[in-house]
Amino acid sequence: MKRIHFNEVVTRDGFQMEPEFVPTDDKVALVDALGECGYAKIEVTSFTSPRAIPMLRDAEEVMGRIRRVPGVEYSVLVPNLRGAERAMESRADELNLVMSTSETHNRANLRMSREQSFAGLAEVIRTVAGRVPVNVSLSTCFGCPMEGEVALSEVLRWAARFADLGVRGLTICDTTGMAHPAQVGDMVEALQKQFAALQLTLHFHNTRGMGLANVLAAAQGGITRFDGSLGGLGGCPYAPGASGNIASEDAIHMLDAMGYDTGIDFTRLLAIARDLPRIVGHTVPGQVAKAGRITDLHPAPAA
């Protein structure tokens, strides 16, 4: 089976929804621990306005203090050119840019139209060209809670516009947890046909309990890159009732059990996942950290 590459997004996508500030020391220690697990990328933080996301106001300090493991890319989300400049100064290995394929969601989330978002992100891409790789995350590709279904043709149209600008990768996001496996199968077939030369990553949420089923559908369809958030932290503020991202450890455990090569030291990762509730101060949705691996055996009950 093909090698699967995982990107860990807990310290950015996961933490930005947390109500209580996670101390900088804990963020740095968590990124350092995750760096030893075999991830392809870690999305460390976001260089957005501290007023917009107070949780990530320590972006420069975190990026300056983490211990960088050879072979791991340390990615950051940037919303605009100023954020890109800050990220470059902090030696980010990759810039991740975000906009929605849904007009309504983009206006709600980013306070601008899709065309305005595209113009701003295109400026970032042109400015950093040749200096740092760029990935574009397209949100609400599988549905918008305000508009409903987002047409596959619309996703491909926006993906093509960014591909034409020379980005290295595209992340196709089920931001609000509306995807189902048949839809995922159609999406990944079309993406690979049109954008085979790009790094294609799938980003799923478990809002309606289909997160791992969607991961499996994408993997069986040939996708080899996935985002995940430790413990299943995260979510979308514009998706009523939304739970978080797929739990990295649950998805990796499933794929490992099926014979995929994830490259992850799962024993090390599981220990980190089990410590996550201490860091955030509450229980988290991930299941394997609670139940253990399917290969963990228990003594027979006494007769």
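This structure is a prediction, so every number in the text was calculated from the model and none was measured.

### A word on the environment of Thr-127
And step 1. Within the fold, Thr-127 resides in helix H6 (residues 114-128).
And step 2. A C-alpha to C-alpha distance of 9.1 Å links Thr-127 and Ala-84, two positions 43 residues apart in sequence.

### A few points about helix H11 (residues 266-280)
And step 1. Look at H11: 21 Å from first C-alpha to last across 15 residues, which is about the 21 Å you get at 1.5 Å a residue.
And step 2. The largest bend in H11 is about 30°, located at Arg-274, with the proline Pro-277 one to four residues further on.
And step 3. Looking at H11, one finds that the buried residues are Phe-266, Leu-269, Leu-270, Ile-272, Ala-273, Leu-276, Ile-279 and Val-280.
And step 4. Buried residues belonging to H11 abut helix H2 (24-35), helix H10 (248-257) and helix H12 (288-291).
And step 5. Looking one or two residues beyond H11, the residue adopting positive phi is Gly-281, at roughly 80°.

### Section: the packing of helix H4 (residues 81-89) against H6
Two quantities define a packed helix pair, namely the angle between the axes and the distance from one axis to the other.
And step 1. Following both chains from N to C, one finds H4 and H6 inclined at 35°, their axes separated by 9 Å at the closest point. Viewed along their axes, H4 and H6 form a crossing whose handedness is right-handed. Between H4 and H6, the residues in contact are Leu-81, Ala-84 and Met-88 and Glu-123, Val-124, Thr-127 and Val-128, respectively.
And step 2. Here the contact of H4 with H6 is composed, by residue class, of five nonpolar, one polar and one charged.

### Details of the pairing of strand S1 (residues 5-8)
In the case of a regular strand, side chains alternate between the two sheet surfaces.
And step 1. Bridge count between S1 and strand S8 (residues 225-228): four bridges; the pairing is parallel. Directly across from His-5, in S8, lies its bridge partner Arg-225.
And step 2. Note: S1 against strand S2 (residues 41-46), two bridges, orientation parallel. Each bridged residue has a counterpart across the sheet, and for Glu-8 the counterpart in S2 is Ile-42.

### Some details on the packing of aromatic side chains
And step 1. Considering all chains together, one arrives at four aromatic pairs under this definition.
And step 2. Here a set of aromatic residues connected by ring pairs shows up, and it is made of Phe-118, Trp-158 and Phe-162.
And step 3. Against the face of Phe-21 rests Arg-57, its NZ or CZ located 3.9 Å from the ring centre.
And step 4. A cation sits over an aromatic face here: Arg-161 above Phe-118, 4.0 Å from the ring centre.

### Let's talk about the pattern of salt bridges
And step 1. Here the structure, examined in full by the defined rule, presents 21 salt bridges.
And step 2. Ionic pairing is found between Asp-32 and Arg-67, a salt bridge with its closest N-O pair at 3.6 Å. Within this pair, whereas Asp-32 is found in helix H2, its partner Arg-67 is found in the loop between helix H3 (59-65) and strand S3 (73-77), the two being separated by 35 residues in sequence.
And step 3. We classify Asp-32 as buried; its relative accessible area is 11%.

### A closer look at the sheet that holds strand S5 (residues 134-139)
And step 1. With parallel pairing, the eight strands of this closed barrel are ordered in space as S1-S2-S3-S4-S5-S6-S7-S8. Neighbour to neighbour, the strand axes of the sheet diverge by 25° on average, direction disregarded.
And step 2. By the bridge criterion, six bridges tie strand S4 (residues 94-100) to S5 in an arrangement that is parallel. Looking at the pairing, Leu-97 lines up with Val-136 of S5.
And step 3. Running over the sheet, H2 touches S1, S2 and S3 and is turned about 165° from S2.
And step 4. Running at roughly 165° to S4, H6 makes contact with S4 and S5 of the sheet.

The rules behind these values
Residues numbered from 1 in each chain as written. Predicted model: local features only at pLDDT ≥ 70, side-chain atom pairs only at ≥ 80, totals over all residues. Heavy atoms only, no water. Helix = DSSP H or I, 4+ residues; strand = E, 2+ residues; numbered from the N terminus. Expected span 1.5 Å × (residues − 1). Bend = angle between axes of the 7 residues up to and from the residue. Buried < 20%, exposed > 50% of the residue type's maximum accessible area, 1.4 Å probe, protein only. Contact = heavy atoms within 4.5 Å. Axes fitted to C-alpha atoms, helices over the stretch in contact; angles between N-to-C directions. Left-handed = near helix turned anticlockwise from the far one by under 90°. Nonpolar A, V, L, I, M, F, W, Y, C, P; charged D, E, K, R; others polar. Pairing = 2+ DSSP bridges. Phe/Tyr/Trp six-rings, centres within 6.5 Å; stacked < 30°, edge-to-face > 60°. Lys NZ or Arg CZ within 6 Å of the ring centre and 35° of its normal. Salt bridge = Lys/Arg side-chain N within 4 Å of Asp/Glu carboxyl O.

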